[in-house]
Amino acid sequence: MSEYDEGVPGTIQIAPSILAADFGHLGDEVRAAEAAGADLIHVDVMDGHFVPNISLGPVVVEGLRPVTKLELDVHLMIDSPWDYLEAFARAGADSITVHVEACPDPADTIGQIHKLGKRAGIVMSPPTSVDAVEPFVELVERVLVMSVHPGFGGQSFLPEVLSKTDALSRWRKERSLSFDIQIDGGIKEANSREVVEKGVETLVAGSAIFGGDDYGQRISAMRAAAESGLAARDERAV
Ligand code: DX5
Ligand code: ZN
């Protein structure tokens with residue numbers, strides 16, 4: 001376990017993605033998500049180059065920092081992410097996840113995130129093989145599996161990515177590692193059990209949480225489904 005680890009694999013975490021929140025009232029939305037039982041706040045950063053959409057930058061993270069005590073989990077969908085690590089770290093990010101496709105030297109970029117005192121994650125888009133992140137799983141606190149093509153919220157879950165969570169879960173066990181396996185895109189109550197059975201602990205959900213009125217009910221329902229998947233996973237391991 002690295003010095004940056006907080007949890008242990010096996011604890012379900014629900015991470016509302018603010019991309020689906022009301023940007024006119026972002027502070028209130030984050031406060032509401034925290035009050036509704038969110039475990040971390042997922043912040044999607046898009047640059048219009050790495051993905052065909054533009055979202056937000058460090059000033060928004062800075063604005064949200066005093067609003068919540070929860071982990072601000074920054075997912076960088078940008079080219080040259082190393083150029084912006086310091087700005088996001090200063091703004092108050094707790095963890096920073098970079099795309100393996102955007103990094104010619106992922107180990108170096110992960111090292112820079114650690115030097116800034118932040119937890120580091122590596123993420124792959126749906127077309128990228130899980131083997132692309134394999135050399136880095138020992139360096140990170142989180143591996144994120146994209147279950148939609150990055151760039152937009154509200155897309156349908158791509159079930160074929162679940163073979164990746166299987167492999168990650170196996171490597172984690174075989175090598176006695178403790179990185180968190182996170183999934184992002186099209187996650188809702190109906191598929192939460194299945195993804196957790198395949199090794200995931202942290203579920204990112206945008207539209208499934210912010211798309212309704214009662215965030216507490218939506219987070220609880222997702223957590224209950226996820227925990228039933230965890231129980232099934234543990235039973236199989238016995
Ligand atoms: C997609 C983002 C996701 C997105 C998830 O590029 O990384 O975090 O907000 O949104 P939903 O849950 O609506 O698929
Ligand atoms: Zn994301």
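Provided above is the structure to which this section pertains.
Procedures and definitions
Residues numbered from 1 in each chain as written. Chains lettered and ligands numbered in written order. Predicted model: local features only at pLDDT ≥ 70, side-chain atom pairs only at ≥ 80, totals over all residues. Heavy atoms only, no water. Donors = N, O, S within 2.8 Å, 3.2 Å for Na, K, Ca; no water. Tetrahedral: all angles 85-135°; square planar, octahedral: opposite > 155°, others 65-115°. Helix = DSSP H or I, 4+ residues; strand = E, 2+ residues; numbered from the N terminus. Buried < 20%, exposed > 50% of the residue type's maximum accessible area, 1.4 Å probe, protein only. Near = heavy atom within 4 Å. Polar contact = N/O pair within 3.5 Å; in protein donor to acceptor, adjacent residues only side chain to side chain. Areas by Shrake-Rupley, 256 points an atom, 1.4 Å probe, with all protein chains shown as cover. Nonpolar A, V, L, I, M, F, W, Y, C, P; charged D, E, K, R; others polar. Pairing = 2+ DSSP bridges. Right-handed = clockwise from strand over helix to strand, strands pointing away. Phe/Tyr/Trp six-rings, centres within 6.5 Å; stacked < 30°, edge-to-face > 60°. Lys NZ or Arg CZ within 6 Å of the ring centre and 35° of its normal. Contact = heavy atoms within 4.5 Å.

(A) Layout of the coordination of the zinc ion (ligand 2). Those protein atoms acting as donors to the zinc ion (ligand 2) are H42 (NE2), D44 (OD), H75 (ND1) and D184 (OD), and they sit at 2.0 to 2.3 Å. Of note is the zinc ion (ligand 2), whose six donor atoms meet at the metal with angles of 67 to 169° in an arrangement that counts as octahedral. Each donor residue of the zinc ion (ligand 2) belongs to the same chain, and together they define the spacing H-x1-D-x30-H-x108-D. Here the residue D44 occupies a position in strand β2 (residues 40–46), and D184 occupies one in strand β7 (residues 180–184), the gap between them amounting to 140 residues. There is no split in this pair, since D44 and D184 are both buried.

(B) Spatial organisation of the site of ligand 1. In the vicinity of ligand 1, 20 residues are found, and the nearest of them are D44, G151, D184, G206 and S207. Between ligand 1 and D184, the relevant distance is 2.6 Å, taken from an oxygen atom to a side-chain nitrogen or oxygen of the residue. At a separation of 2.7 Å, an oxygen atom of ligand 1 approaches a polar backbone atom of G206. Against a free-state accessible area of 380 Å², the protein chains account for coverage of 99% of ligand 1. Of all the secondary-structure elements, those providing two or more residues to the shell around ligand 1 are β2, β3 (71–77) and β8 (202–205). In terms of residues, the shell around ligand 1 owes the most to one element, β2, which gives three residues. For the shell around ligand 1, a count of residues per class yields eight nonpolar, ten polar and two charged.

(C) A look at the pairing of strand β5 (residues 119–124). With respect to burial, β5 is a largely interior element, six of its six residues being buried. Residues of β5 alternate between two faces, with R119, G121 and V123 on one and A120, I122 and M124 on the opposite face, all of them buried. Pairing of strand β4 (residues 95–99) with β5 involves five bridges; the strand directions are parallel. When the sheet's bridge partners are listed, T97 is paired in β5 with G121. Once the chain exits β4 it traverses helix α4 (residues 106–115) before rejoining the sheet at β5, and the crossover so formed is right-handed. With four bridges joining them, β5 and strand β6 (residues 142–146) adopt parallel strand pairing. Within the sheet, the bridge partner assigned to M124 lies in β6 and is V145.

(D) Here's a closer look at the packing of aromatic side chains. The full count for this structure, using the stated rule, is one aromatic pair. Taking the ring centre of F179 as reference, the NZ or CZ of R172 above it sits at 5.7 Å.

(E) Spatial organisation of the environment of D73. One can find D73 in strand β3. Assessed through its relative accessible area of 0%, D73 is described here as buried. D73 sits 58 residues away from A15 along the chain, and the two C-alpha atoms are 8.4 Å apart. In this structure D73 touches L40, I41, H42, V43, S95, T97, R142 and Q182, once residues within four positions along its chain are discounted. A polar contact of 3.1 Å, which involves the side chain of D73, links it to the side chain of R142.

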